[in-house]
Amino acid sequence: MKNNTVIKVEGLKKSYGSNKAVDDVSFEVSHGEIFGMVGPNGAGKTTTIECIEGLRKFDEGSIDVLGYDPQKEGSKLKPVIGIQLQQSQLQEHIRVWEALDLYSSIYPKSTDWNIILEQLGLTEKRNEYFSKLSGGQKQRLFIALSLVNDPEIVFLDELTTGLDPQARRAMWNLVRSMKDKGKTVYLTTHFMEEAEKLCDRVAIIDHGKIIAIDTPSELIRKYSHNERIEFTLVDDNIDVDLGGIEGLTSFDRTDNRIIIYGNSADLTQKVVNHLTEKKIAFSDFRSEKSTLEDVFLKLTGREMRD
Amino acid sequence: MKSLWKLTVIEFKMFYREPIAMFFTLVFPLMLLFIFGSIYGNEPTPFFGGVGFIDTAVPAYSAMIIAMTGLISVTLIFSSYRETGILRRLHATPLRPQTILSAIMIIVFMLTVAGMVILIIAGKLAYGLKFLGNPLKMTIAFILSSMSFFSIGFVLSGVLKTARAAQIASNAVYFPMIFLSGATIPREVLPEHLRTINQVLPLTHVVNLLRGLWVGNGFTDHIKEIIILTSMMVIFLVISFLTFRWD
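This next bit is on the overall build of chain A. Scanning chain A from terminus to terminus reveals 10 helices and 13 strands. Residues counted as buried form 49% of the 306 residues belonging to chain A. Once local pairs closer than 6 in sequence are excluded, the contacts in chain A between residues at least 24 apart make up 67%. Accessible surface computed for chain A: about 14,300 Å², of which carbon and sulfur atoms make up 44%.

With that out of the way, let us pick up the domain arrangement of chain A. In terms of domain boundaries, chain A breaks down into domain 1 (5-90 + 149-221) and domain 2 (225-289). A straight line from the C-alpha centre of domain 1 of chain A to that of domain 2 of chain A covers 40 Å.

Turning our attention to unusual backbone geometry. Residues and elements named next belong to chain A. Of note in the backbone geometry, Glu158 takes a positive phi value of approximately 55 degrees without being a glycine. Structurally, Glu158 can be placed in the loop between strand E6 (153-157) and helix H6 (165-180). A positive phi angle, close to 55 degrees, is found at Lys279, a residue other than glycine. Checked against the element boundaries, Lys279 lands in the loop between helix H9 (267-277) and strand E13 (282-289). Judged by relative accessible area, which is 71%, Lys279 ranks as exposed.

Tallied over the full model, the rule gives 28 salt bridges over all chains. Its salt-bridge partner being B:Lys13, residue A:Glu98 comes within 2.9 Å of it at the nearest N-O pair. In this pair, A:Glu98 is assigned in helix H3 (residues 96-106) and B:Lys13 in helix H1 (residues 2-17), connecting two distinct chains. According to the relative accessible area criterion, A:Glu98 is buried, its value standing at 2%. Across the salt bridge formed by A:Lys289 and A:Glu227, the nearest N and O atoms sit 3.9 Å from each other. One end of the pair, A:Lys289, is in strand E13; the other, A:Glu227, is in strand E10 (residues 227-233), and 62 residues separate them in sequence. Overall, A:Lys289 belongs to the partly exposed group, its relative accessible area being 49%.

Taken together, the 28 residues of chain A in the interface contact 22 residues of chain B. Together chain A and chain B conceal approximately 2,400 Å² of surface at their shared face, both sides included; 59% is due to carbon and sulfur atoms. Looking only at chain A, the three residues that lose the most surface to chain B are A:Gln91, A:His93 and A:Ile106, adding up to 24% of its buried area. Viewed at the interface, chain B and chain A are joined by 4 salt bridges.

This paragraph deals with the sheet that holds strand E12 (residues 257-262) of chain A. Residue and element names in this part refer to chain A. Taken in spatial order, the 4 strands of this open sheet run E11-E12-E10-E13, and their pairing is antiparallel. The open sheet is flanked by strand E11 (248-254) and E13, the only strands paired with a single partner. Each neighbouring strand pair of the sheet contributes to a mean axis angle of 15 degrees, computed without reference to strand direction. Sheet topology places E10 next to E13; 6 bridges connect them, and they run antiparallel.

There is a patch of nonpolar side chains on the surface, built from B:Phe47, B:Phe175, B:Phe179, B:Ile185 and B:Val189 and spanning about 420 Å² of accessible area. If you trace the backbone, B:Phe175 turns up in helix H7 (residues 163-180).

Another point: the pairing of strand E8 (residues 201-206) of chain A. Residue and element names in this part refer to chain A. For E8, a buried count of 5 out of 6 residues is recorded, marking the element as mostly surrounded by other parts of the structure. Relative to E8, strand E3 (residues 34-38) is paired through 4 bridges, and the arrangement is parallel. When the bridges of E8 are listed, Gly36 appears paired with Val202. Two elements, E8 and strand E9 (residues 209-214), share 5 bridges in a ladder whose sense is antiparallel. Residue Ile205 lies in a different strand from E9, and its bridge partner there is Ile210. Hairpin connection of E8 to E9: 2 residues between the antiparallel strands, including His207 at a positive phi of 50 degrees.

Glancing now at the packing of helix H3 (residues 53-84) of chain B against helix H6 (residues 135-159) of chain B. Residues and elements named next belong to chain B. Viewed as axis vectors pointing N to C, H3 and H6 meet at an angle of 35 degrees, and their least axial separation amounts to 8 Å. Here H3 and H6 pass one another in a crossing that is right-handed. Residues Ile66, Ala67, Thr69, Gly70, Leu71, Val74, Thr75, Phe78, Ser79 and Arg82 of H3 lie in contact with H6, whose contacting residues are Phe142, Ser145, Ser146, Phe149, Phe150, Ile152, Gly153, Phe154, Leu156, Ser157 and Gly158. Tallied by class, the residues present in the contact of H3 with H6 amount to 11 nonpolar, 9 polar and 1 charged.

Further remarks concern empty space enclosed by the protein. Residue and element names in this part refer to chain B. Across all of its chains, the model carries 3 cavities of 30 Å³ or more by this definition. Estimated volume of the largest cavity: approximately 50 Å³. Along its surface, the largest cavity is lined by Phe53, Thr56, Ala57, Ala60, Tyr61, Gly182, Thr184, Ile185, Pro186 and Arg211. When residues of the lining of the largest cavity are assigned to their parent elements, the largest contribution, 5 residues, is made by H3.

Moving on, we get to the layout of surface pockets. Empty space within the largest pocket amounts to approximately 720 Å³. Lining the largest pocket are 30 residues, with B:Glu18, B:Ala21, B:Leu76, B:Ile77 and B:Ser80 sitting closest to its centre. For the lining of the largest pocket, the secondary structure elements donating two or more residues are H1, helix H2 (20-40), H3 and H7 of chain B. In terms of residue count, the dominant contributor to the lining of the largest pocket is H3(B) (8 residues). Across the lining of the largest pocket, the residue classes tally to 15 nonpolar, 11 polar and 4 charged. Roughly 620 Å³ of volume is contained in the second largest pocket. In terms of lining, the second largest pocket is formed by 21 residues, of which the most central are A:Gly54, A:Leu55, A:Lys57, B:His91 and B:Trp246. Those elements that place two or more of their residues in the lining of the second largest pocket are helix H2 (74-77) of chain A together with helix H4 (86-91) of chain B. For the lining of the second largest pocket, the class distribution of residues is 7 nonpolar, 6 polar and 8 charged.

What counts and what doesn't
- Residues numbered from 1 in each chain as written.
- Chains lettered and ligands numbered in written order.
- Predicted model: local features only at pLDDT ≥ 70, side-chain atom pairs only at ≥ 80, totals over all residues.
- Heavy atoms only, no water.
- Helix = DSSP H or I, 4+ residues; strand = E, 2+ residues; numbered from the N terminus.
- Buried < 20%, exposed > 50% of the residue type's maximum accessible area, 1.4 Å probe, protein only.
- Contact = heavy atoms within 4.5 Å.
- Areas by Shrake-Rupley, 256 points an atom, 1.4 Å probe, with all protein chains shown as cover.
- Domains from an automatic or database assignment.
- Salt bridge = Lys/Arg side-chain N within 4 Å of Asp/Glu carboxyl O.
- Buried area = accessible area lost by both parts, 1.4 Å probe.
- Pairing = 2+ DSSP bridges.
- Axes fitted to C-alpha atoms, helices over the stretch in contact; angles between N-to-C directions.
- Patch = residues over 30% accessible without salt bridge, like charges linked within 9 Å, V, L, I, M, F, W, Y side chains within 5 Å.
- Left-handed = near helix turned anticlockwise from the far one by under 90°.
- Nonpolar A, V, L, I, M, F, W, Y, C, P; charged D, E, K, R; others polar.
- 1 Å grid on protein atoms, 1.4 Å probe; cavity = no way out; pocket = protein on both sides within 12 Å on 5 of 7 lines; lining within 4 Å.
- Points joined across faces, edges and corners; volume = space filled by probe spheres on them.

Printed below as a string of structure tokens:
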């Protein structure tokens, strides 16, 4: 294990009957990074995270988290990690502050939960019953509960599922602030955009296997065209030769509409310069970067769907 | 210990914030007491071995309360906590299963005690209830009986997969048992063939133990009941630890 490795998974396998939920998965997570496991529902994300957390028994392989074996040393591991589950509940009539107070009391060491409440914007809701909270508030409370012991690693399973876009962005900022405090964050999501915007490193999982693992920008560079440019030629029957542009990987013309793919960072600049130089008039110019969504499409041949 | 205390306080609050859950447990036995009390009164009669109807009904109804809280309340709380994911969330912490089991046991025991106390007060005020036994021995028997029935509840909720199944099973065990064990209908009035069934029901031993101690018997008169209830408690507690599931 490298010095700063906090999670090491090797050859993890877990089946439910004949269904191989996790099929020979290996990876490492370093201290202080936001690591994301992304993939469609049923790909094996939750099974993997729950094996690492020590909540689920696995069939084969080995897992090391902060030097502990989660299956055998759960009682030593749980005090130093924080867990937000994909699905869980609290008692209907427990108040927000009571839940925090209770969960703090379970840990040998805990931080002042009033500060966490403040940070998560739940101070006004401290006397509210759990059942009266909105979906986003419940989610924030579960995050607060995962932080009461000031954990070294925070596990967030489907953090933003069911939240509106605004609440989702607020959640991202929250995760970034955890990283700023020096915590390692391990999250799962089926939103490619979330993984791309939030994670330092991403593992793409499909049918129980990791099909790619790297930083989001590196994955896009490796597995997809970096950039897609589209424009329409104003004049008919004009020849356009973009072959000399460095980093251009494909060129497609249908009538006057031109679509270009490339993987150079300043491709747009180069294309515009080229067109201006040759005095070629163009309109309706659009340029967009590839996303992890495109990477998934490229790797699996299908779209990510919920 | 800190978490056991906090968890117990929280569970207590859950009960008083949803009082409807306690209503039946506390009120149903009282209802029986007044209905049958108004029919039979509490005159001493040789039919009940020289004491009155109420003097036998209060310990018998206490047994019914124990069956109700043990089989129904424990099962309901535990299986719904499991099904909704409350236990799953607790499992993500270092909390040990015995802490949550103990907290629920303490709260349900308090509810059981409350049921019995209300019954005693009502019996005393309305019918001049007499207690001929030893309070300490009575308390010990009451605790033993409660624990043995709570452990049945834990096993039921642990073995059955859904809250719905656990609820149906606990009702299926509870209702025939309270009528055939002598907890509601005195064993003296049961016909011969029902008395045979009566002998194999766990609740019968609670009824006999509590009724016996109430009229002044000693532990030595109830060795059989004590052995059976203690073994039930030990066996079912072991099973409930072995079959314990967080989800």
